[in-house]
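Tertiary structure, described
In case you want the letters, here they are:
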Amino acid sequence: MDYKKLLADTVIIEGIESEEIMSQIVPSRDKAHGDYSLPCFRLAKAAGKNPAELAKEVVGRIGCYNFLEKAEAAGPFVNFTLNKQSYAKDVLEKVLSAGEYYGNSDIGRGKTVCIDYSSVNIAKPFHIGHLLNTVLGAALYRLHKKAGYNTVGINHLGDWGTQFGKLIVAYKLWGDDKDIEKRGVRSLVDIYVKFHKEAEKNPVLDDEARAWFKKIEDGDEEALSIFNRFKKSTLEEVEKIYKRLNVTFDSYAGESFYNDKMQPVLDLLTQKGLLVDDNGAKIVRLGDDMPPCLLVRSDGATLYATRDLAAAFYRKKTYNFDKCLYVVASQQNLHFRQWFKVLELAGEEWYKDLYHVAHGMVSLEEGSLSTRSGNVVYLDDVLNMAVSKSREIIKEKSEDLPNPDEVAEQIGVGAVIFGVLYNNRIKDMTFSYSRALNFDGETGPYVQYTQARCRSLLEKCSYPDCDPDYSGVAGEEAGEVLKLLDSYPDVILSAVEKYEPCYLSRFLVDLSQAFGKFYLACNIAKSPDAVRKARLMLVKAVRGVLADGLSLLGIQSPEKM
Ligand code: ARG
């Protein structure tokens with residue numbers, strides 16, 4: 001039910017359309033002012049009246065409606081109080097009949113959004129620096145789907161660059177296939193670090209590395225086969241983590257994919273007179289407020305930005321996107337501003353549809369993880385630690401769980417995801433296991449727990465076959481829960497609009513807290529049939545919305561915990 005619209009229709013002001021009135025109606029901030037308010041300033045001006053007078057007049061003309069308990073004038077405001085029972089009926093029927101589709105919308109219908117996220121680097125550790133862009137991007141992917149968009153998730157792999165020449169040299173000198181098989185990327189990182197140490201003493205190694213990279217570029221069979229093995233081994237490892245995080249992609253077209261797609265872009269920029277020579281290198285000048293964008297080095301090598309430009313053209317052509325999001329740390333602000341500007345100068349109007357969804361850095365609380373791998377924090381280790389801690393907690397809290405390992409995985413991973421999606425994305429954050437795993441805090445496990453508790457209530461209490469008595473959910477505590485349930489679709493839309501999944505994670509905590517208060521205030525199991533039915537409907541609606549919200553964030557809902 002759209003209450004703003006219903007309420008607007010009760011208001012009669014001569015010469016002013018109902019739409020205009022509706023646009024002024026807002027949910028009341030303070031319960032003392034009812035559920036919705038109509039500030040009369042704007043309308044009074046249009047009607048040539050004094051706002052307080054107009055408010056009185058409006059109230060005098062409002063007729064009798066089932067859904068409306070009362071309308072009062074308070075100074076320049078009209079305050080509306082809805083009939084609690086009919087509101088409860090509306091909201092619960094709406095949520096329950098929509099089921100898992102509740103909160104879906106069609107604002108994205110017919111539109112395509114490409115989302116570039118995670119975008120890990122081959123043969124480099126999947127470290128905590130990639131945690132936020134991975135889970136943030138995946139959440140935005142699901143949220144856009146929920147809002148009706150056609151979504152394309154892209155993992156723009158870092159699989160190109162001179163470092164792979166170095167790695168091949170290192171591999172030929174010290175590589176141990178058995179170790180690589182066993183320790184994967186960690187083994188590659190070790191020989192790569194060793195290469196740098198050795199190359200300082202013996203610069204010939206660098207020349208060899210360059211030669212090997214050239215071989216990759218030229219498609220040399222041996223070079224490619226070694227490189228592809230690195231890629232395969234990295235991806236196998238990364239896939240395992242994606243699986244734990246419930247993250248998927250539609251495309252793994254990485255930087256190397258654009259190897260043969262850069263020249264046409266460079267040609268276009270040359271044609272437009274934008275690409276100019278600068279001591280043998282090729283750059284695009286961007287004006288006074290930004291350094292030029294370097295696209296070809298003097299040795300002929302292309303750059304990260306060159307490949308991003310080629311990728312943007314490719315995506316536009318292949319997917320004809322309405323929006324293309326880049327979920328990448330704010331450290332790369334300049335990079336994105338630069339090459340977006342190149343497109344603008346080139347007259348590619350769709351540059352306006354590219355957004356750098358920047359985010360802050362995640363670090364770990366001091367001393368919370370000792371890594372054998374120096375100062376890189378592997379994401380895998382973080383997840384394992386969270387899971388083993390949650391395993392300890394549930395051992396204490398609920399010893400008779402039939403599947404404690406599975407639940408510990410769901411809670412531990414969920415706590416990490418929720419923990420990093422709880423803040424505005426642009427903020428840097430320090431991740432703390434104890435904070436993220438606090439079952440009573442503003443955390444994933446708290447929301448998961450509330451959801452599991454709803455489930456067990458629904459199992460325990462019989463669901464009567466009579467008409468519900470909505471007076472059972474007309475109290476203040478239930479009212480808060482209903483209002484939140486009612487706002488879920490709007491929460492999703494604002495999370496999509498602002499690229500902020502934290503609106504959703506905060507909402508889930510609010511809903512869990514409101515439910516906790518309702519549960520304390522209202523007996524469910526022992527209430528009379530018709531009242532119990534209404535209350536169980538509310539429990540069911542809360543459980544559905546919590547589980548749906550969690551799944552949008554990539555978090556599972558354990559049945560019991
Ligand atoms: N691989 C890059 C890094 O780890 C991130 C790539 C982001 N996506 C992009 N299209 N530039 O820093």
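This text gives an overview of the structure that appears in the document. None of these values were measured; they are calculated from a predicted model.

1. Describing the overall build of the protein
Looking only at helices and strands, the protein has 21 helices and 13 strands in total. Its C-alpha atoms give the protein principal-axis dimensions of roughly 90 × 65 × 35 Å. The 561 residues of the protein split such that 52% are buried. Expressed as a percentage of contacts within the protein between residues at least 6 apart in sequence, the contacts between residues at least 24 apart total 73%.

2. Focus: the site of the ligand
The environment of the ligand is formed by Asp116, Ser119, Asn121, His130, His156, Tyr304, Asp308, Tyr326, Val328, Gln332 and Phe336. Within the contact set of the ligand, an oxygen atom lies 3.5 Å away from a side-chain nitrogen or oxygen of histidine 130. Here an oxygen atom of the ligand and a side-chain polar atom of glutamine 332 are 2.9 Å apart. Considering the ligand on its own, with 350 Å² of exposed area, one finds that the protein chains cover 89% of that surface. For the shell around the ligand, the elements supplying multiple residues, two or more each, are α13 (304–319) and β10 (323–329). In terms of residue class, the shell around the ligand is built from four nonpolar, five polar and two charged.

3. Looking at the sheet that holds strand β3 (residues 68–74)
Strands sit in the order β1-β2-β4-β3 across an open sheet of four strands; the sheet is antiparallel. With one partner strand each, in any of the chains shown, β1 (26–27) and β3 form the two edges of the open sheet. Alignment of strand β2 (residues 36–39) against strand β4 (residues 77–82), held across four bridges, turns out to be antiparallel. Across the sheet, residue tyrosine 36 finds its bridge partner in β4, namely phenylalanine 80. The sheet contacts of helix α1 (residues 3–10) involve β1, β2, β3 and β4, and relative to β4 the element is tilted by about 120°.

4. What to know about the nonpolar core
The biggest cluster of nonpolar side chains holds 150 residues, and the ones touching the most others in it are Phe80, Leu485 and Leu538. Among the elements that take part in this core, helix α21 (residues 529–553) stands out by supplying twelve residues, more than any other. By size, the runner-up hydrophobic cluster in this structure holds 35 residues, among which are Tyr258, Leu266, Leu275 and Phe336.

5. A look at unusual backbone geometry
Unlike most non-glycine residues, alanine 123 shows phi in positive territory, near 65°. Note that alanine 123 resides in the loop between β5 (112–116) and α6 (131–146). You can call alanine 123 buried: its relative accessible area is 8%. In this structure, asparagine 246 takes a positive phi of about 60° despite not being glycine. With respect to the helices and strands, asparagine 246 occurs in the loop between α11 (221–245) and α12 (262–271). Look at asparagine 246 and you get partly exposed, because its relative accessible area is 31%.

6. A word on the pattern of salt bridges
Per the counting criterion, the structure on display carries 30 salt bridges. Linking aspartate 548 and lysine 146 is a salt bridge whose minimum nitrogen-to-oxygen distance equals 2.8 Å. Note that aspartate 548 is positioned in helix α21 and lysine 146 in helix α6, a separation of 402 residues in sequence. Each member of the pair, aspartate 548 as well as lysine 146, is classed as buried. Across the pair arginine 391 and aspartate 405 runs a salt bridge whose closest N-O atoms are separated by 2.6 Å. Of this pair, arginine 391 sits in helix α15 (residues 379–397) while aspartate 405 sits in helix α16 (residues 404–420); the two residues are 14 residues apart in sequence, bridging distant segments of the chain. Its relative accessible area of 51% is what places aspartate 405 among the exposed residues. Salt bridges sharing common partners tie together Lys49, Glu57 and Arg61.

7. Quick word on the state of the cysteines
Tallied over the full model, the rule gives zero disulfides. The thiol of cysteine 461 is unpaired, and the distance to the nearest cysteine sulfur, on cysteine 454, comes to 11 Å.

8. Re the sheet that holds strand β11 (residues 354–359)
Read across the open sheet, the four strands follow the order β6-β5-β10-β11; overall the sheet is parallel. Two strands bound the open sheet, and with one partner strand each, they are β6 (150–154) and β11. Neighbour to neighbour, the strand axes of the sheet diverge by 20° on average, direction disregarded. Summarising the sheet, β10 and β11 pair through six bridges and their orientation is parallel. Residue tyrosine 326 lies in a different strand from β11, and its bridge partner there is histidine 356. Relative to β10, α6 is tilted by about 155°, and along the sheet it contacts β5, β6, β10 and β11.

9. Describing the packing of aromatic side chains
Taken as a whole and assessed by the stated rule, the structure comprises 31 aromatic pairs. With 5.7 Å between their ring centres and 70° between their planes, phenylalanine 126 and tyrosine 242 make a pair best called edge-to-face. Of this pair, phenylalanine 126 sits in the loop between β5 and α6 while tyrosine 242 sits in helix α11, and the two are 116 residues apart along the sequence. On the accessibility criterion, tyrosine 242 (1% relative accessible area) is buried. For the pair phenylalanine 515 and tyrosine 519, a centre-to-centre distance of 6.2 Å together with 25° between the ring planes defines the contact as stacked. Residue phenylalanine 515 and its partner tyrosine 519 are both found in helix α20 (residues 502–521); the two are separated by four residues, about one turn of the helix. Relative accessible area serves as the criterion here: at 0%, phenylalanine 515 is assigned to the buried category. Through a chain of ring-to-ring contacts, three or more aromatic side chains come together here, namely Tyr117, Phe126, Tyr141, Tyr242, Phe249 and Tyr252. Between the NZ or CZ atom of arginine 186 and the centre of the ring of tyrosine 378, over which it lies, the distance is 3.8 Å. Geometry around tyrosine 463 places lysine 540 over its ring, the cationic atom sitting 5.1 Å from the centre.

Calculation criteria
Residues numbered from 1 in each chain as written. Predicted model: local features only at pLDDT ≥ 70, side-chain atom pairs only at ≥ 80, totals over all residues. Heavy atoms only, no water. Helix = DSSP H or I, 4+ residues; strand = E, 2+ residues; numbered from the N terminus. Buried < 20%, exposed > 50% of the residue type's maximum accessible area, 1.4 Å probe, protein only. Contact = heavy atoms within 4.5 Å. Near = heavy atom within 4 Å. Polar contact = N/O pair within 3.5 Å; in protein donor to acceptor, adjacent residues only side chain to side chain. Areas by Shrake-Rupley, 256 points an atom, 1.4 Å probe, with all protein chains shown as cover. Nonpolar A, V, L, I, M, F, W, Y, C, P; charged D, E, K, R; others polar. Pairing = 2+ DSSP bridges. Axes fitted to C-alpha atoms, helices over the stretch in contact; angles between N-to-C directions. Core = buried A, V, L, I, M, F, W, Y, C linked by side-chain atoms within 4.5 Å. Salt bridge = Lys/Arg side-chain N within 4 Å of Asp/Glu carboxyl O. Disulfide = S-S within 2.5 Å. Phe/Tyr/Trp six-rings, centres within 6.5 Å; stacked < 30°, edge-to-face > 60°. Lys NZ or Arg CZ within 6 Å of the ring centre and 35° of its normal.

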